[in-house]
Amino acid sequence: MDTQNLIKASTGWVCPEDNEQCLRLEKAAVKIQSWWRGKVVRQTLLHAALRAWAIQCWWRSMQAKMLEQRRRLALRLYTCQEWAVVKVQAHVRMWQARRWFLQARQAACTIQSHWRWHASQTRGLIQGRYEVRASRLELDIEILMA
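Residues numbered from 1 in each chain as written. Predicted model: local features only at pLDDT ≥ 70, side-chain atom pairs only at ≥ 80, totals over all residues. Heavy atoms only, no water.

### Topic: the overall build of the chain
Along the chain, the regular secondary structure elements total two helices and two strands. Shown N-terminal to C-terminal, the secondary structure of the chain runs as helices and strands in the order α-α-β-β. By residue count, 4% of the 146 residues in the chain fall in the buried class. Across the chain, every contact between residues at least 6 apart in sequence was considered, and the portion connecting residues at least 24 apart equals 6%. Of the accessible surface of the chain, which amounts to about 13,900 Å², a share of 62% is contributed by carbon and sulfur atoms. (Helix = DSSP H or I, 4+ residues; strand = E, 2+ residues; numbered from the N terminus. Buried < 20%, exposed > 50% of the residue type's maximum accessible area, 1.4 Å probe, protein only. Contact = heavy atoms within 4.5 Å. Areas by Shrake-Rupley, 256 points an atom, 1.4 Å probe, with all protein chains shown as cover.)

Given below as C-alpha cells:
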C-alpha cells in the first residue's frame with residue numbers, strides 16, 4: 001500500500017499533488033513506517049540473540065557436566081588402580097612374611113629335633129659337677145648305666 005492510498009484511507013480526503021501538507025504527511029508516514037520496521041527488526045534480532053544466548057548457556061552447562069563426568073570416571077579408574085596396587089603389595093608382603101615364618105619354623109623344628117636327639121642320647125649316662133678354684137679344677141663325674 002503506498003503512502004497516498006494510506007493517507008486517503010486514514011483521513012478520508014484526497015490530497016492534491018502539489019500540496020505541501022501532503023508532502024509532510026507522506027514524510028511523517030514514511031518515518032513512522034521506518035521506525036516500526038526498525039522496531040520489529042530490532043525486536044526480532046533481540047529475540048534471536050536471547051534464544052542463541054539460551055542455547056549457548058545450555059551447551060556450556062552440558063559441556064561442564066560432561067567434563068565433570070569424565071573427571072569422576074578418571075578419578076574412579078585411578079582409585080581402582082591404586083587399590084589394585086595396594087592389594088597386590090599387601091599380598092606380596094604377606095607371602096614374604098609367611099615364607100620367612102615357615103623358614104623360621106622349619107629351622108626351629110630342625111634345631112629342636114637335633115637337640116631332642118642329643119638330649120636323649122646323653123640323658124642318664126653321664127652326670128657330673130665341676131668347681132673352679134683358685135689354681136685348679138675339681139671334676140667329679142659319675143657314669144650311670146640304665
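Back to the write-up after that little detour.
### Overview of a nonpolar patch on the surface
A grouping of Trp 35, Trp 36 and Val 40 is seen on the molecular surface, where their side chains present a nonpolar patch of about 340 Å² in accessible area. Structurally, Trp 35 can be placed in helix H2 (residues 20-122). (Patch = residues over 30% accessible without salt bridge, like charges linked within 9 Å, V, L, I, M, F, W, Y side chains within 5 Å. Salt bridge = Lys/Arg side-chain N within 4 Å of Asp/Glu carboxyl O.)

### Some remarks on the pattern of salt bridges
Taken as a whole and judged by the stated rule, the model has two salt bridges. Arg 24 serves as the salt-bridge partner of Glu 20, at 3.2 Å between the closest nitrogen and oxygen. Of this pair, Glu 20 and Arg 24 both sit in helix H2, separated by four residues, roughly a single helical turn. Taken as a pair, Glu 20 and Arg 24 share a single burial class, namely exposed. With a closest N to O distance of 3.3 Å, Glu 68 and Arg 72 form a salt bridge. Highlighted residues: Glu 68 and Arg 72, both in helix H2, separated by four residues, approximately one helical turn. For Glu 68, a relative accessible area of 35% gives the class partly exposed. The exposure class assigned to Arg 72 is exposed, which follows from its relative accessible area of 52%.

### Comments concerning the packing of aromatic side chains
In this description, an aromatic ring pair is defined by two values, namely the gap between the centres and the angle between the planes. Enumeration according to the criterion identifies two aromatic pairs in this entry. Ring centres 6.1 Å apart and planes at 50° place the aromatic pair Trp 35 and Trp 36 in the tilted group. Each ring, one from Trp 58 and one from Trp 59, has its centre 6.2 Å from the other, and the planes form 45°; the classification is tilted. (Phe/Tyr/Trp six-rings, centres within 6.5 Å; stacked < 30°, edge-to-face > 60°.)

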